[in-house]
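If you want the building blocks of each chain, they are given just below.
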Amino acid sequence: MCGLAGWVGYDRDLSRLGATAEAMTATMACRGPDDEGVWTAPHAALGHCRLSVIDLEGGRQPMHVTAPDDGLPVVVYTGEVYNFLELKEELSGLGHEFRTSSDTEVVLHAYLQWGEEFAERLNGMYALAIWDPRTEELLLVRDRMGVKPLFYYPTRDGVLFGSEAKAILAHPEAEAVVDREGLAEIFAIINTPGHAVFKGMHEVVPGTTVRFGKDGHTVRTYWELTAHPHGDDLDTTIAHVRELLDDIVRRQLIADVPVGTLLSGGLDSSALTALAAKTFRDQGRSERVKAFSIDFKGNDEAFAGNGIWQDPDTPYAVEVAEHSGAEHIIVELENADVLDESIRARVLRCQDLPISTGDMEHSLLHLCTALKRQVTVALSGETADELFGGYNWFFDKEAVEGDTFPWYDAWQRLGGLDTMKEIGLWDRLGLEEYVKTRYAEALAEVPRLEGESGREERMRELLYLNISRWENFLLDRKDRISMAASLEVRVPFTDHRLVEYVFNVPWEMKNFDGREKSLLRAAVADVLPESVLTRKKSPYPSTQDHEYVRALRDKVAALLDEGSPVLTLVPAESIQLLLDKPLESYAGLGGLWGTRAVMERLVEFNTWVTLYGVRVEA
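Below is a summary of the structure that appears in this document. Computed from a prediction, not measured in an experiment: that's the story for all the values here.

Quick notes on the rules
- Residues numbered from 1 in each chain as written.
- Predicted model: local features only at pLDDT ≥ 70, side-chain atom pairs only at ≥ 80, totals over all residues.
- Heavy atoms only, no water.
- Helix = DSSP H or I, 4+ residues; strand = E, 2+ residues; numbered from the N terminus.
- Contact = heavy atoms within 4.5 Å.
- Areas by Shrake-Rupley, 256 points an atom, 1.4 Å probe, with all protein chains shown as cover.
- Lys, Arg positive; Asp, Glu negative; His and termini not counted.
- Charge placed at Lys NZ, Arg CZ, Asp CG, Glu CD.
- Pairing = 2+ DSSP bridges.
- Axes fitted to C-alpha atoms, helices over the stretch in contact; angles between N-to-C directions.
- Buried < 20%, exposed > 50% of the residue type's maximum accessible area, 1.4 Å probe, protein only.
- Arc of directions from axis to C-beta.
- Expected span 1.5 Å × (residues − 1).
- Phe/Tyr/Trp six-rings, centres within 6.5 Å; stacked < 30°, edge-to-face > 60°.
- Lys NZ or Arg CZ within 6 Å of the ring centre and 35° of its normal.
- Salt bridge = Lys/Arg side-chain N within 4 Å of Asp/Glu carboxyl O.

## Focus on the overall build of the protein
Broken down by element type, the protein carries 26 helices and 19 strands. When contacts within the protein are restricted to residue pairs at least 6 apart in sequence, those whose partners lie at least 24 apart make up 73%. Only carbon and sulfur atoms are counted for the fraction: they give 49% of the accessible area of the protein, which is about 22500 Å². For the protein, the distance from the average position of its 63 positive side-chain charges to the average position of its 102 negative side-chain charges is 1 Å.

Pasting the structure below:
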């Protein structure tokens, strides 16, 4: 994992402006603490900071075919290509010679051999930029599921690009401006593919390439979900899912550094931990896989079940570790840890945006920091819920039959939208119409299967909405926070082979025994204890301590100070309405996803505008 940044300018000589590329790259030092490099040419400057994972000595970047001045393509790359060994063998047979053992060099030679179409051959999570001196063109490529971030910002004579928005904003020609559409993305949590919130900035859409030349740029989609009939019976489907998972986990455990897992005690992370432990044994490794969990001090006594969190995670994580033979490490936190101002500042800085889920992000940073002390790579369970149908809204009649994003229906019933309306933000930003428009756009993208109708058609729609929209938020959050701790997180459930296969499995087969993620449960039944196989989904843990809420209220009260940026959006009397609510209104799900969530967003927005010098055009 790494960070990349760069600058293409056709009307000036960039060969003497390497310091600017260095400044852009330096903003992402946490993404690549092991090495850094900058390469310049008359019309291009590429920067890279490296977290060494494969070929620790030979994988330096920017990477050239033979030498910095060979006149051949140059690459800066972040992520991992899990089939690089097979590609290397194929390319060697075609006459390519390799100087290193890194997957980066394989990617570069794949471009030399197949041109822009090389992206179709990659299996992994990646974002990369290739400057080709032969044509004086820049090629940006992002992985199919958007695990690795990549942004660009067109200028008057070229383009700026980077793994994170902050790298682009470090360039003197980029402005930190947010307009009404950007505000809508922030406060409505839409996650529109390609939208970067900052005005003039764009996200490379997952599964696309963007080519820049002197005459402008072109976008090409090299991968997207498609609909096709599923011909396998249930037993064959279960067996194939397991076959894919075995291969995916095996590939994603390859590294020249220690690898562990994130273990919550839920089905997804437990399956990955058990399969990783099994792979270690099958390969004859002497060490045990390290599995890391998080808990709050005193949570076993203070825990109160509700509609989503029905039981604490830790006992299940302990059982999974014992059952699979993993080495289990519990990271225990106190409220002071998630309230630490330095942690809050790091979370905001690493995400570049005030899109906060509160203490869950702060505790995640603590967890990733703890992992980094013992491992450099960790497997995580994101995308399983979206792919196999794990969320409550897949089984909620109102959400399924609704006419909006299913998580919006849930949010509305928990009071989140009511709170936004109560303080006037919903109407002021026109969020009702904005959400409707984005929902219609998303539905129009859904791949359709001829002859499919009724419930199966609707469930395909919901799966697509979750995979293409909701998962954007979760993958980006995990990437940014893990990289803030210089930890590479790999997400096996995003493997495009698994995604393509499971997306087309009929809903009735995914839900064959009436429980969420029936198909996944069946595929990993032999490696997990019965307690986890029958456990209802439980999200990432959140503190239930009232002291956290009191501290949050104090931060909201500080927003009433004259000159607070948030007052340009929400008047003081509306903020006071939030403060006047009784403490009990913050408890349970209604509080966490309603009033409390809105308060978190307002606090983060206020800090963000100041920290980034954002100009708000509302």
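After that view, the rundown keeps rolling.
## A closer look at the sheet that holds strand β18 (residues 488-490)
Sheet architecture is open: five strands sit in the order β16-β15-β14-β17-β18, paired in parallel fashion. Because the sheet does not close on itself, it has two edges, and the strands there are β16 (327-333) and β18. Pairs of neighbouring strands in the sheet enclose a mean axial angle of 30°, with direction left out of account. Relative to β18, strand β17 (residues 377-379) runs parallel, the two sharing three bridges. Within β18, the residue paired with A378 across the bridge is V489.

## Examining helix α2 (residues 84-93)
Among the residues of α2, those classed as buried are F84, L87 and L91. Down the axis of α2, the buried set is contained in an arc of 60°. They therefore lie on one face. Set apart from the buried face of α2 by more than 90 degrees, the exposed residues are E89 and G93. Where the residues of α2 are buried, they touch β5 (74-81) and α3 (103-114).

## Some points on helix α6 (residues 234-252)
The end-to-end C-alpha distance of α6, which contains 19 residues, comes to 27 Å, matching closely the 27 Å that a straight helix rising 1.5 Å per residue would cover. Within α6, burial applies to T237, I238, V241, R242, L244, L245, D247, I248, V249, R251 and Q252.

## Side note on the packing of aromatic side chains
Per the counting criterion, the structure on display carries 18 aromatic pairs. Centroid distance F187 to F605: 5.5 Å. Interplanar angle 50°. Geometry classified as tilted. In this pair, F187 sits in helix α5 (residues 180-188) while F605 sits in helix α26 (residues 588-612), placing the two residues 418 residues apart along the sequence. Accessibility assignment for this pair places F187 and F605 in one class, buried. When the centroid spacing of 5.7 Å and the interplanar angle of 50° are considered together, the rings of F395 and W507 count as tilted. With F395 in the loop between α13 (384-388) and α14 (397-400) and W507 in helix α21 (residues 507-510), this residue pair connects regions lying 112 residues apart in the sequence. Taken together, the ring pairs in this structure connect Y391, W393, F405, W407, Y408, Y439, W470 and F473 into an aromatic cluster. In this arrangement the basic side chain of R285 is found over the ring face of F280, its NZ or CZ atom lying 4.1 Å from the centre. The ring of Y316 has R535 lying over it, and the distance from NZ or CZ to the ring centre is 4.1 Å.

## Looking at the pattern of salt bridges
Applying the stated rule across the entire model yields 55 salt bridges. Notably, a salt bridge pairs R497 with D247, separated by 2.9 Å at the nearest N-O pair. Linking R497 in helix α20 (residues 496-503) with D247 in helix α6, this pair joins segments that are 250 residues apart in sequence. A residue is classified by how much of its surface remains accessible, and R497, at 26% relative accessible area, is partly exposed. Here D247 falls in the buried class, since its relative accessible area comes to 17%. Between E441 and R438 there is a salt bridge, and its shortest N-O distance comes to 2.8 Å. In this pair, E441 and R438 both sit in helix α18 (residues 431-445), three residues apart, roughly one turn of the helix.

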